[in-house]
Amino acid sequence: MDDRVAVYIDGFNLYFGIRASGLGRYLWLDLCAFSNSLLKPSQKLVAVKYFTARISRPESKRQRQNTYLDALGTLKADLFSIAYGNFQQNPAICQECGVQSDVPNEKQTDVNIAVAMLTDAFKDRFDVALLVSADSDLCPVVSSIRALFPKKRVVVAFPPGRASKELAGIASAFSIGRAKLSQSQFPDVMRLSSGFELKKPAHWETEAYQDPH
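So, here is what we can say about the structure in this document. All figures in this text were calculated on a predicted structure; none of them were measured in a lab.

**Here we look at the overall build of the protein chain**
Along the backbone of the protein chain there are 7 helices and 10 strands. For the protein chain, the residues scored as buried account for 44% of the 213 residues in total. For the protein chain, long-range pairs separated by at least 24 residues make up 72% of all intrachain contacts whose partners lie at least 6 apart in sequence. When the accessible surface of the protein chain is summed, it comes to about 11200 Å², and 51% of that surface belongs to carbon and sulfur atoms.

**Considering empty space enclosed by the protein**
All told, the structure shown has 1 cavity of 30 Å³ or more when counted by the stated rule. Those elements giving two or more residues to the lining of the largest cavity turn out to be α1 (11-20), β2 (43-52) and α3 (59-72). Split into classes, the residues belonging to the lining of the largest cavity amount to 12 nonpolar, 3 polar and 3 charged.

**As for the packing of aromatic side chains**
Going through the model one piece at a time under the given rule, you end up with 10 aromatic pairs. Pairing Trp28 with Tyr68 gives two aromatic rings, centres 6.2 Å apart and planes at 50°, and the pair type is tilted. Here Tyr68 lies in helix α3 and Trp28 lies in the loop between α1 and α2 (31-37), a separation of 40 residues in the sequence. Residue Trp28 shares its accessibility class with Tyr68, and that shared class is buried.

**Focus on the sheet that holds strand β1 (residues 3-10)**
Ordered in space as β3-β2-β1-β6-β7-β8, the 6 strands form an open sheet in which the pairing is parallel. Edge positions in the sheet fall to β3 (80-84) and β8 (172-175), since each of these pairs with one other strand and no more. If you compare each strand with its neighbour and ignore which way they point, the axes differ by 20° on average. The pairing of strand β7 (residues 153-158) with β8 spans 4 bridges and is parallel. The partner of Phe158 across the bridge, within β8, is Ser175. Along the sheet face, α1 touches β1, β2 and β6 (128-132) and points at about 70° away from the line of β1. On top of the sheet, α3 reaches β2 and β3; it is set at about 155° to β2, its chief contact.

**Focus on the layout of surface pockets**
By volume, the second largest pocket amounts to about 170 Å³. Lining the second largest pocket we find Asp10, Phe12, Asn13, Phe16, Glu106, Lys107, Gln108, Thr109, Asp110, Asp135 and Arg162. Looking at the lining of the second largest pocket, the elements with two or more residues in it are α1, β5 (100-107) and α4 (109-122). Here the lining of the second largest pocket takes 3 residues from α1, the largest share from any one element. A breakdown of the residues in the lining of the second largest pocket according to their chemical character gives 2 nonpolar, 3 polar and 6 charged.

Cut-off values and rules
- Residues numbered from 1 in each chain as written.
- Predicted model: local features only at pLDDT ≥ 70, side-chain atom pairs only at ≥ 80, totals over all residues.
- Heavy atoms only, no water.
- Helix = DSSP H or I, 4+ residues; strand = E, 2+ residues; numbered from the N terminus.
- Buried < 20%, exposed > 50% of the residue type's maximum accessible area, 1.4 Å probe, protein only.
- Contact = heavy atoms within 4.5 Å.
- Areas by Shrake-Rupley, 256 points an atom, 1.4 Å probe, with all protein chains shown as cover.
- 1 Å grid on protein atoms, 1.4 Å probe; cavity = no way out; pocket = protein on both sides within 12 Å on 5 of 7 lines; lining within 4 Å.
- Points joined across faces, edges and corners; volume = space filled by probe spheres on them.
- Nonpolar A, V, L, I, M, F, W, Y, C, P; charged D, E, K, R; others polar.
- Phe/Tyr/Trp six-rings, centres within 6.5 Å; stacked < 30°, edge-to-face > 60°.
- Pairing = 2+ DSSP bridges.
- Axes fitted to C-alpha atoms, helices over the stretch in contact; angles between N-to-C directions.

Rendered as structure tokens:
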């Protein structure tokens, strides 16, 4: 019998890893196809859970995110789900010019991931939990699942250009390469059942795209 695999994706950790690695053209990512590409032949995908937070500004970035979230909304609801955290605006002073500005700080994602993984483990919803993140703050939940459920496995997939010695020290880990991203893209233009067309954001069309913020 195939092992049941649930995938938990740290949205911003994956996003910033892809962006910082110069792989911006691959941000238009079909997360179910991507998750399937990470599985072994003896494994079956049973859930893909994406953890993110909606941004409010700048407007151009907000629109790109909304377009991507709309694309994700076309994925099968019985397989894919999104859990939202939030952004908190924290004041910061520029060390060079002394100007104060608000810097958005994502909140709740690591807690949401931990709660989801532990809940699914207790309800026996997976045999293998595949965590897509390099956030060492998730070490406690990985350790807890291994201690409480010794028959279950936790595997960590590091986003491009990111890694965590702490996570690698307590779980099997590997790095996500360009090929897994390139073979898991949404069509550049998607036609919804309503007739509306979703188009890949123009800023994501070149590999070297770097977000201005």
